[in-house]
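Residue-level structural notes
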Amino acid sequence: MTTYLEIRRKTRWQIALCTCAFSLAIAIGWPFSVSPLASAKTESELAQTAVAKKVIVIDPGHGGIDGGASGGGLLEKDLTLDLAKRIRSDLTQAGYQVLMTRETDTDASQLFPSKLSSRHKRDLQNRLDFIRKAQAVGALMIHMNSSNNPGDRGPIVFYFTESEAGKELAQQIQNAVNRVAGSTQRPLPRRNFFVLRHSPCATVLIEVGFLTNHDDASRLRTVVYRDRMAKAIAESAANALRETPTPPPFVKQNKTKGALEKQ
């Protein structure tokens, strides 16, 4: 028969064992503390979960027979495609699904069947329809700038005047690209940019630099600068759109709304 004294001795021994185990657990940091690396990984995984299945459209400007602006031996259509692919890579790593209006040296005039007679109008309409069909939370239109004044330089981000979501996206991207370019440009509202005006989601047109400016052209010629600019655009867009819900499928209310025939 177990005596009261034996029970007390056994209980004290069990308490001492539990205390040692508790101290050891604290010393090795489990489960009461998490290493910085594990913590960072968890935060990254949570961020990717938050944006899972959200779509961002990237629209590399021009393409095919439409070379766009030129300067310093550079052609806009080539730079926009290169940057778009870099941005896509960074946004994909951030957990977004990324769709591009073009992935080769082609324009968008043949993306969808159209009765529009003008190649340019078909191109713009199809870029808009691509964004609509994607149910995207945001769209990034990538372009290069040119000017009669060779002193004009730096990236400029445009958004539709009446879009608060577009304005917020434009401001965050402008801040980021300014830091890379060492410029002080401000995002600019526009009322009559066709795709910006009719897009169902936050959409910006990013003029990454002036090909007619020596400094901008020299920088854009280097892979290092294009990679830095792409990362700035991707990271700022990813943060700006993280809480944006996926829009419902786009339904065209009538035949002419948002169609270039009436522009």
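Residues numbered from 1 in each chain as written. Predicted model: local features only at pLDDT ≥ 70, side-chain atom pairs only at ≥ 80, totals over all residues. Heavy atoms only, no water.

Before going further, it helps to examine the overall build of the protein. Within the protein, the secondary structure is distributed over eight helices and eight strands. Counting over 263 residues, the protein shows a buried share of 44%. Within the protein, residue pairs in contact and separated by at least 24 positions form 78% of the contacts whose partners lie at least 6 positions apart. By element, 55% of the accessible surface of the protein is carried by carbon and sulfur atoms, the whole surface being about 14,700 Å². (Helix = DSSP H or I, 4+ residues; strand = E, 2+ residues; numbered from the N terminus. Buried < 20%, exposed > 50% of the residue type's maximum accessible area, 1.4 Å probe, protein only. Contact = heavy atoms within 4.5 Å. Areas by Shrake-Rupley, 256 points an atom, 1.4 Å probe, with all protein chains shown as cover.)

Within the open sheet, the six strands sit side by side as β4-β1-β5-β8-β6-β7. Their pairing is mixed. Sheet topology places β4 (97–100) and β7 (188–190) at the edges, where each strand pairs with a single neighbour. Shown here is a sheet whose adjacent strand axes are inclined to one another by a mean of 25°, direction ignored. Relative to β7, strand β6 (residues 156–160) runs parallel, the two sharing three bridges. From the neighbouring strand, phenylalanine 158 faces β7, where its bridge partner is leucine 188. Those strands touched by helix α3 (residues 76–93) are β1 (55–60), β4, β5 (138–145) and β8 (202–210), and its axis lies near 145° from that of β5. (Pairing = 2+ DSSP bridges. Axes fitted to C-alpha atoms, helices over the stretch in contact; angles between N-to-C directions.)

When the pLDDT values of the protein are averaged, the result is 85; 76% of them are 70 or greater. This stretch, residues 1–8, has a pLDDT under 50; its non-local contacts, to residues over four places away or in other chains, come to two contacts. Per-residue pLDDT stays below 50 along residues 15–41; that stretch engages in five contacts with residues further than four places along the chain or on separate chains. (pLDDT = per-residue confidence, 0-100.)

This paragraph deals with the environment of valine 177. Mapped onto the elements of the fold, valine 177 is located in helix α5 (residues 164–181). Overall, the relative accessible area of 0% leaves valine 177 in the buried class. In sequence terms valine 177 and isoleucine 233 are 56 residues apart; their C-alpha atoms lie 6.7 Å from each other. Residues in contact with valine 177, not counting those within four places in the same chain, are Pro155, Met229, Ala232 and Ile233.

Let us now look at the packing of aromatic side chains. Working definition: an aromatic ring pair is given by the centre-to-centre distance plus the angle between the planes. Across all of its chains, the model carries one aromatic pair by this definition. Between the aromatic rings of phenylalanine 158 and phenylalanine 193, the centroid separation amounts to 5.5 Å while the plane-to-plane angle is 45°, which identifies the pairing as tilted. Separated by 35 residues along the polypeptide, phenylalanine 158 in strand β6 and phenylalanine 193 in the loop between β7 and α6 (194–198) bring together distant segments of the chain. We note lysine 133 situated over the ring of phenylalanine 112; from NZ or CZ to the ring centre the distance is 5.1 Å. (Phe/Tyr/Trp six-rings, centres within 6.5 Å; stacked < 30°, edge-to-face > 60°. Lys NZ or Arg CZ within 6 Å of the ring centre and 35° of its normal.)

Counting buried residues in β5 gives eight out of eight residues, a clear majority hidden from the surface. Of the two faces of β5, the one lined by Gly138, Leu140, Ile142 and Met144 and the one lined by Ala139, Met141, His143 and Asn145 are each fully buried. Here β1 runs beside β5; their pairing, made up of five bridges, is parallel. Looking across to β5, one finds that valine 57 is bridged to alanine 139. Relative to β8, β5 is paired through seven bridges, and the arrangement is parallel. Pairing of leucine 140 across the sheet is with valine 204, part of β8.

It is worth spelling out the nonpolar core at this point. The nonpolar side chains of a soluble globular protein tend to be buried with one another. The biggest cluster of nonpolar side chains holds 43 residues, and the ones touching the most others in it are Leu91, Leu140 and Ile173. Setting aside residues up to four positions removed in sequence, leucine 140 forms contacts with Ile56, Val57, Ile58, Asp59, Ile87, Leu91, Leu169, Ile173, Val204, Ile206, Ile233 and Ala237. Residues Val57, Leu128, Ile156 and Phe194 belong to the second largest nonpolar core, which totals 18 residues. (Core = buried A, V, L, I, M, F, W, Y, C linked by side-chain atoms within 4.5 Å.)

A word on the packing of α3 against helix α8 (residues 223–241). Helix-helix packing is characterised by the crossing angle of the two axes and by the distance between the axes. Two elements in contact, α3 and α8, have axes separated by 8 Å at closest approach and are oriented at 50°. The orientation of α3 relative to α8 falls into the category oblique. The two elements α3 and α8 cross, and the hand of that crossing is right-handed. Note on element contacts: α8 touches α3 through Val223, Arg226, Asp227, Met229, Ala230, Lys231, Ile233, Ala234 and Ala238, opposite Leu79, Asp82, Leu83, Arg86, Ile87, Asp90 and Leu91. Taken together, the residues of the contact of α3 with α8 break down into ten nonpolar, no polar and six charged. (Parallel < 35°, antiparallel > 145°, perpendicular 65-115°, else oblique. Left-handed = near helix turned anticlockwise from the far one by under 90°. Nonpolar A, V, L, I, M, F, W, Y, C, P; charged D, E, K, R; others polar.)

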